[in-house]
Amino acid sequence: LLPAVEPARRLLAAFRQHGLTIVHTLECHAPDLSDLHESKRQRCSRIAQVDCPARGRILIRGEPGNAIVPALTPQPGELIVHKPGKGSFYATGLHERLQALGITHLVFAGVTTEVCVQTSMREANDRGYECVLVTDATESYFPQFKRATIEMIVAQNGIV
């Protein structure tokens, strides 16, 4: 996933320089797991488990391992969305926040291309946002999944 960090850092710098709204997202759950639905709990049995004590419980908000990498650390005033699912719009209030700010266009970067990024982009498109995917600022554990996702977005008249 590291190849996406430097392009994402440059993208953030450009947005900051121009005073554009920046939204950071993290897939995570409340420490008491009150936002973890049963089907996800069954499919993702590692949630809230500890593989590495220094990183804390997996996908739990506030744990050391559930953080944005230092090179992309949010700055004061940037939105941070803690999302209990793959998409940034499910159970987050993000759509309402963006509407209140008058935002109509979204630029996507992040990881992983085929899961969180694509899901969020499709959710945004379903809500009427114009969307752009910055392909070098997104990454996957599986290069073929990234390629396939980009091909799908292009085939659906998406902008990459």
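Residues numbered from 1 in each chain as written. Predicted model: local features only at pLDDT ≥ 70, side-chain atom pairs only at ≥ 80, totals over all residues. Heavy atoms only, no water.

Enquirer: Describe in detail the side chain of Thr92, supporting the description with residues and values.
Expert: Structurally, Thr92 can be placed in the loop between β2 (79–83) and α3 (94–100). With a relative accessible area of 18%, Thr92 lands in the buried category. For Thr92, the side chain forms a polar contact with the main-chain oxygen of Ser88, separated by 2.6 Å. For Thr92, the contacting residues outside a window of four places in its chain are Val81, His82, Lys83 and Pro84. (Helix = DSSP H or I, 4+ residues; strand = E, 2+ residues; numbered from the N terminus. Buried < 20%, exposed > 50% of the residue type's maximum accessible area, 1.4 Å probe, protein only. Polar contact = N/O pair within 3.5 Å; in protein donor to acceptor, adjacent residues only side chain to side chain. Contact = heavy atoms within 4.5 Å.)

Enquirer: If you had to explain helix α5 (residues 143–155) to someone new, which residues and values would you point to?
Expert: One full turn of an α-helix is made of 3.6 residues, so residues set three or four places apart face in the same direction. When the terminal C-alpha atoms of α5 are compared, their 18 Å separation across 13 residues agrees well with the 18 Å that a helix rising 1.5 Å per residue should span. Within α5, the full set of buried residues consists of Lys146, Thr149, Ile150 and Ile153. For α5, the angular spread of buried residues about the axis comes to 95°, placing them on one side. What points out from α5, more than 90 degrees from its buried face, is the exposed set Arg147, Glu151 and Ala155. Of the surrounding elements, those touching the buried residues of α5 are α4 (113–126) and β4 (130–139). (Expected span 1.5 Å × (residues − 1). Arc of directions from axis to C-beta.)

Enquirer: I'd like to hear about the packing of aromatic side chains, residue by residue, with values.
Expert: Inspection of the entire model under this criterion finds 2 aromatic pairs. Ring geometry for Phe89 against Tyr129: centres 5.9 Å apart, planes inclined by 35°, an arrangement best described as tilted. Placement of Phe89 in the loop between β2 and α3 and of Tyr129 in the loop between α4 and β4 is noted, with a sequence separation of 40 residues between them. Both residues of the pair, Phe89 and Tyr129, belong to the buried class. A centroid spacing of 4.8 Å and a plane angle of 50° characterise the contact between Phe142 and Phe145, whose relative ring orientation is tilted. Take Phe142: its relative accessible area is 41%, and that puts it in the partly exposed class. In this structure Phe145 comes out as partly exposed when scored by relative accessible area, which is 37%. (Phe/Tyr/Trp six-rings, centres within 6.5 Å; stacked < 30°, edge-to-face > 60°.)

Enquirer: Run through the environment of Arg9, naming residues and quoting values.
Expert: Here Arg9 lies in helix α1 (residues 5–17). Here the alpha-carbon distance between Arg9 and Glu38, two residues 29 residues apart in the chain, equals 36 Å. Look past the residues within four positions of Arg9 in its chain and what remains in contact with it is Ala71 and Leu72.

Enquirer: So what about the layout of surface pockets? Which residues, and what values?
Expert: There is about 290 Å³ of room inside the second largest pocket. Lining the second largest pocket are 13 residues, and of these Met121, Asn125, Gln156, Asn157 and Gly158 sit closest to its centre. Taken together, the elements giving at least two residues each to the lining of the second largest pocket come down to α4, β4 and α5. When grouped by side-chain class, the residues that make up the lining of the second largest pocket number 6 nonpolar, 4 polar and 3 charged. (1 Å grid on protein atoms, 1.4 Å probe; cavity = no way out; pocket = protein on both sides within 12 Å on 5 of 7 lines; lining within 4 Å. Points joined across faces, edges and corners; volume = space filled by probe spheres on them. Nonpolar A, V, L, I, M, F, W, Y, C, P; charged D, E, K, R; others polar.)

Enquirer: I'd like to hear about unusual backbone geometry, residue by residue, with values.
Expert: Looking along the chain, the bond that leaves Val111 and enters Thr112 is cis, with omega of -10°. Following the sequence through the fold, Thr112 ends up in the loop between β3 (105–111) and α4. One non-glycine residue, Ala91, adopts positive backbone phi at about 55°. Inspection of the secondary structure assignment puts Ala91 in the loop between β2 and α3. The exposed category is assigned to Ala91, whose relative accessible area is 59%. Even without glycine at this site, Asn157 takes up a positive phi of about 70°. One can find Asn157 in the segment after α5.

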